[in-house]
Amino acid sequence: MNKNGPLALVFHTLFIVFMVAPLAVVVWVAFTPLGYLQVPTTQWSLRWFYAIFENEGFIESFWLSLALGIASASLALACAVPAALALARYSFKARGFLVGLFLSPLVIPSVVLGIAFLRFLTQLNITGTFFGMALCHAVFVMPFVLRLALASITGMDRSAEQAAVSLGATHGTTFRRVTLPMILPGLVGGWVLAFITSFDELTVTIFISSPSTTTLPVRLFNHITQTTTPIVASISAVIIFLSVAAILILDRLYGLDRLLVGSKR
Amino acid sequence: MSFLNLQEISKSFGGFVAVDQFNLEVDKGEFVSLLGPSGCGKTTTLQMIAGFLDPSHGQIMVGGEDLTARPANQRNIGIVFQSYALFPHLTAAQNVAFGLEMRKATQGERQEKIDRALDLVHLSAFRDRYPKQLSGGQQQRVALARAIVIEPTILLLDEPMSNLDAKLREDMQLELRSIQEKLGITTILVTHDQNEAMALSDRIAVMNEGRIVQVGKPHEIYEDPANVFVSSFLGKNNLLAVEVEDISGSKASVRFNGQSLTVPCREGVTNKEAWLSIRPEKVQLTDKGSGLLEGQIKTRVFFGNHWLYQIETASGEFLVYSQNTAVPNTAPRDAVGLNWQADDARLLNMDAS
Amino acid sequence: MSGVLQRKAGIPYWLSLPGVMLFGVMLFTPLIMTFMLSFYTFDFYEGIERAFNLGNYADVLSDSYFYEIFLRTFGYGLSTTVLAVLLGVPEAYILNRMHSRWRAIFLLAIIGPLLISVVVRTLGWMILLGNQGLLNQILIGSGLTSTPFTFIYTDFGVIVALTHVLIPFMVVSVWAVLQRLDPQTENAAVSLGASQFTVFFRVVVPQAIPGILSGSLIVFSLATSAFATPAMIGGRRLKVASTTIYDEFLNTLDWPLGAAIAMILLVAIMTVIMSYNRLVERRYAQVFQ
Ligand SMILES: Nc1ncnc2c1ncn2[C@@H]1O[C@H](COP(=O)(O)OP(=O)(O)OP(=O)(O)O)[C@@H](O)[C@H]1O
Ligand SMILES: [Mg+2]
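Now for a look at the structure at hand. Please read these numbers as outputs of a predicted model, since none were measured by experiment.

With that settled, consider empty space enclosed by the protein. Residue and element names in this part refer to chain B. In the structure shown here, the tally under the stated rule is two cavities of 30 Å³ or more. Size it by volume and the largest cavity reaches roughly 60 Å³. Contributing to the lining of the largest cavity are Tyr 222, Glu 223, Pro 225, Ser 277, Arg 279, Lys 282, Asp 344 and Arg 346. Looking at the lining of the largest cavity residue by residue, the class counts come to two nonpolar, one polar and five charged. Of the domains in this structure, domain 1 (4-228) and domain 2 (236-349) are the two that each give at least three residues to the lining of the largest cavity. Taken together, Gln 140, Leu 144, Pro 160, Met 161, Met 172 and Leu 176 form the lining of the second largest cavity. Broken down by secondary-structure element, the contributors of at least two residues to the lining of the second largest cavity are helix 4 (136-148) and helix 5 (166-183).

Here it is in structure tokens:
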């Protein structure tokens, strides 16, 4: 039912250009042969992509971000699944409070979280450790996992569980063989979303990273504010490629709109 | 000349023909129902009259004017949608006011018309409620008030009762008919409920697979269906395979079970093999051996005002309704005879056309 | 199953325990410590001193320098929100009217960037908006201007980039609402004589208001607490609350003052969110829900 008028389509086109242009231009610049951030017009080169592999700092940061994302998303998932079961299946006094608590990182400004973590980690003397950073990341990715876990548990048809129990399955078996497989897509979606959020995060992480534990976005940010070599563009281009791949997979797996809008009712 | 004139309108979506050469003439003030099974193109037809869909072919004439190319917002046609489509952010009165505002009615005129319309649908007390705060029946009446307040040339109703429960539906049908008669407004109702169509309409257009199969007064169509589709879509009927011996004018003599019968016959019956259609309420149970057909009672069900019998005969199963006048002296497994007046049977072609 | 379990009242608490412990240790404690930190004192030579005085708050609230920063912060927040509404709502409407295949593709193009690091997206705007940037090249090349416009390090540049970063939230939350509307209400309005224009403003927008409001809330709170975009496009001169806090913590090392600014930012944003929610609930409770 495409009933959009010509004016609407012009607006739409401009809007899409607005959304895509900054990303496209980064990818474009990444292919420059020049030594500064300029869109190439006549010549192309992979020079700045090769440069990434010679830059140990960026490579290290990439692996750190990857590990951090995996660790924090997994930790958050481990906390979120039982919590979501409790919140979805039981009505108990602290329910409202707990929902608010677990979703609160969404409304607390990232800088505030960043300095709070910094203060806390300094007091415990674990600033710049992987362990400390993973714990911090687990906190702010938790809402994403929890929301999707909650949605898939509440959206699940309880009668399948009842059928399993009626056929003689124990509660443990029912959970493992029926509940878990049914809510798995939601959990996977939540985990991936949490991973990406952790991988991309700057504002919190910039406070709690140390020179030896600098994540990719932090190193990129520092690099951009200090110099303007096109390596920042080639690294960004790689991030864009990886993100697009992740986006397409997520969309296939779960539907991007459902993932980001959350299923309302 | 008729007031609303649909001339040969067709609509196809891609290769699929949803409405096929649809012809219908409706007089001013007439109430016509489009009746047909799901997916036969009723809504599509209505949407073309309203201007939300462009016909692939054909013309829509209203009062001698060609409306086919006129935008929907300039047709002055009132519609009640199946979902009511009330504006959820506006109160009942504001919903009704919307069309008047579009017509730039003055404040005073607007108030007066809103009051009158809400009064007509008995909702004056609910004028400041939002749709969410109204029951299904009340919402439906707001939708009706909103559609008629603009004094449309034609009122279109797309299954307006399908979301109401049985009791409310009956009340609303009566109310709708009385409002329509009071306003004298030309109305087209889409429904797949045969009782609703028969109860409300001056005429019914029975549709199947995008085409009109038969148009006529409810009683006419019921008594004299054009074909097997119509006769089984409107009410129940018993079909008996017969051999046509001779057709002369509107009478035909047919043979079945070794007996001959002269029955009324529509034009167009040609085949040697035809159906004899008999309504269940036209069949009488008689003593064994004295009927046109012999059978055995399979089940007997009580429906309050009548009994329903299922009777096993050599020519298939027969349905019989008999008035609840006294406790019947028949019981399942009894052998009985089936009888009917020759004039109550209809001869129909074996194929559906 | 539920019947058996519900009798054991402790179970939901046991299930929530891991999460509660994580949040108790890693969120509640740090926030309390930061709150206390905001009352400590700082001396350039002596460092941070444990104390309880309101000096930091007094410093911030009496200094026009900080006023300017907060004004700018909320100015960015407000402008970004307004732009996001003006552009995002029509776009969501257009998307909703599209054929579903196209809509899926464009929706991906619009909300996909949410999953790409803000640093990367802002870098794109730095390249586009710079004095030698693509936009100026196009403007000069087309003869519209002879000297480059200054976009970068200006309020305009920051607001445009912030809008780009945050507008997907607006589109998505408005679209989520539009999707659930009865499309027949638009047809109903048309049959009553409304033009396309009237339909949009009188029928669609009012029904989309819950989505516009929740979208605005997200955009506003994220815009006022944004760090990367104002830092990269606004630079040193156009400081906002977040970048100021960053400087206090990592350059000046006056943590207590930074903590006080953070607490003020937190309270301000929370106040806006809560009063907004209150307003929405009161105004729209009877219409929707
Ligand atoms: N936009 C469309 N694209 C393709 N096919 C369509 C479209 N709209 C309707 N159809 C098809 O046209 C046929 C008629 O549809 P229509 O909605 O008119 O049926 P209807 O008689 O109103 O049925 P119901 O009683 O179920 O409402 C259906 O087979 C339907 O699938
Ligand atoms: Mg229909």
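On we go.
Right, let's get into the site of ligand 1. Residue and element names in this part refer to chain B. In the region of ligand 1, the neighbouring residues are Phe 13, Phe 16, Ala 18, Ser 38, Gly 39, Cys 40, Gly 41, Lys 42, Thr 43, Thr 44, Glu 159 and His 192. Side-chain polar atom of Ser 38 to an oxygen atom of ligand 1: 2.5 Å apart, as the coordinates give it. Interatomic distance of 2.5 Å between a side-chain N/O atom of Thr 44 and an oxygen atom of ligand 1. Only strand 2 (16-26) and helix 1 (42-50) provide two or more residues apiece to the shell around ligand 1. Per-element tally for the shell around ligand 1: the top contributor is helix 1, with three residues.

The next point concerns the packing of helix 1 (residues 6-30) of chain A against helix 11 (residues 231-254) of chain A. Residues and elements named next belong to chain A. With their axes 8 Å apart at the nearest point, helix 1 and helix 11 run at an angle of 125° to one another. One finds that helix 1 runs oblique with respect to helix 11. The handedness of the crossing between helix 1 and helix 11 is left-handed. Where helix 1 approaches helix 11, its residues Leu 23, Val 26, Val 27, Val 29 and Ala 30 are matched on the opposing element by Ala 233, Ser 234, Ser 236, Ala 237, Ile 240 and Phe 241. In terms of residue class, the contact of helix 1 with helix 11 is built from nine nonpolar, two polar and no charged.

So, on to the sheet that holds strand 3 (residues 31-35) of chain B. Residue and element names in this part refer to chain B. Taken in spatial order, the six strands make up an open sheet running 6-7-8-3-9-10, and their pairing is mixed. In this open sheet, the two strands that pair with only one neighbour each are strand 6 (77-80) and strand 10 (211-216). Here the average twist between neighbouring strands, direction ignored, is 20°. The pairing of strand 9 (residues 203-208) with strand 10 spans five bridges and is antiparallel. Bridging across to strand 10, Met 207 finds its partner in Ile 212.

Accessible area lost upon the coming together of the parts serves often as the stated size of an interface. Taken together, the contacts link 88 residues of chain A with 91 residues of chain C. Summed over both partners, the interface of chain A with chain C comes to about 8,100 Å²; 80% of that surface belongs to carbon and sulfur atoms. Seen at the junction of chain A and chain C, the total is zero salt bridges. Scanning the region where chain A abuts chain C turns up six residue pairs in polar contact (both at pLDDT 80 or more). The element that contributes the greatest number of residues to the side of chain A that touches chain C is helix 1 of chain A, accounting for 14 residues. Residue classes in the side of chain A that touches chain C are distributed as 64 nonpolar, 13 polar and eleven charged.

Among the structural elements, Ser 16 of chain C can be located in helix 2 (residues 11-37). Setting aside chain neighbours within four positions, we find Ser 16 of chain C in contact with Ala 83, Ala 86, Phe 92, Leu 98 and Phe 102 of chain A.

How each quantity is defined
Residues numbered from 1 in each chain as written. Chains lettered and ligands numbered in written order. Predicted model: local features only at pLDDT ≥ 70, side-chain atom pairs only at ≥ 80, totals over all residues. Heavy atoms only, no water. 1 Å grid on protein atoms, 1.4 Å probe; cavity = no way out; pocket = protein on both sides within 12 Å on 5 of 7 lines; lining within 4 Å. Points joined across faces, edges and corners; volume = space filled by probe spheres on them. Nonpolar A, V, L, I, M, F, W, Y, C, P; charged D, E, K, R; others polar. Domains from an automatic or database assignment. Helix = DSSP H or I, 4+ residues; strand = E, 2+ residues; numbered from the N terminus. Near = heavy atom within 4 Å. Polar contact = N/O pair within 3.5 Å; in protein donor to acceptor, adjacent residues only side chain to side chain. Axes fitted to C-alpha atoms, helices over the stretch in contact; angles between N-to-C directions. Parallel < 35°, antiparallel > 145°, perpendicular 65-115°, else oblique. Left-handed = near helix turned anticlockwise from the far one by under 90°. Contact = heavy atoms within 4.5 Å. Pairing = 2+ DSSP bridges. Buried area = accessible area lost by both parts, 1.4 Å probe. Salt bridge = Lys/Arg side-chain N within 4 Å of Asp/Glu carboxyl O.

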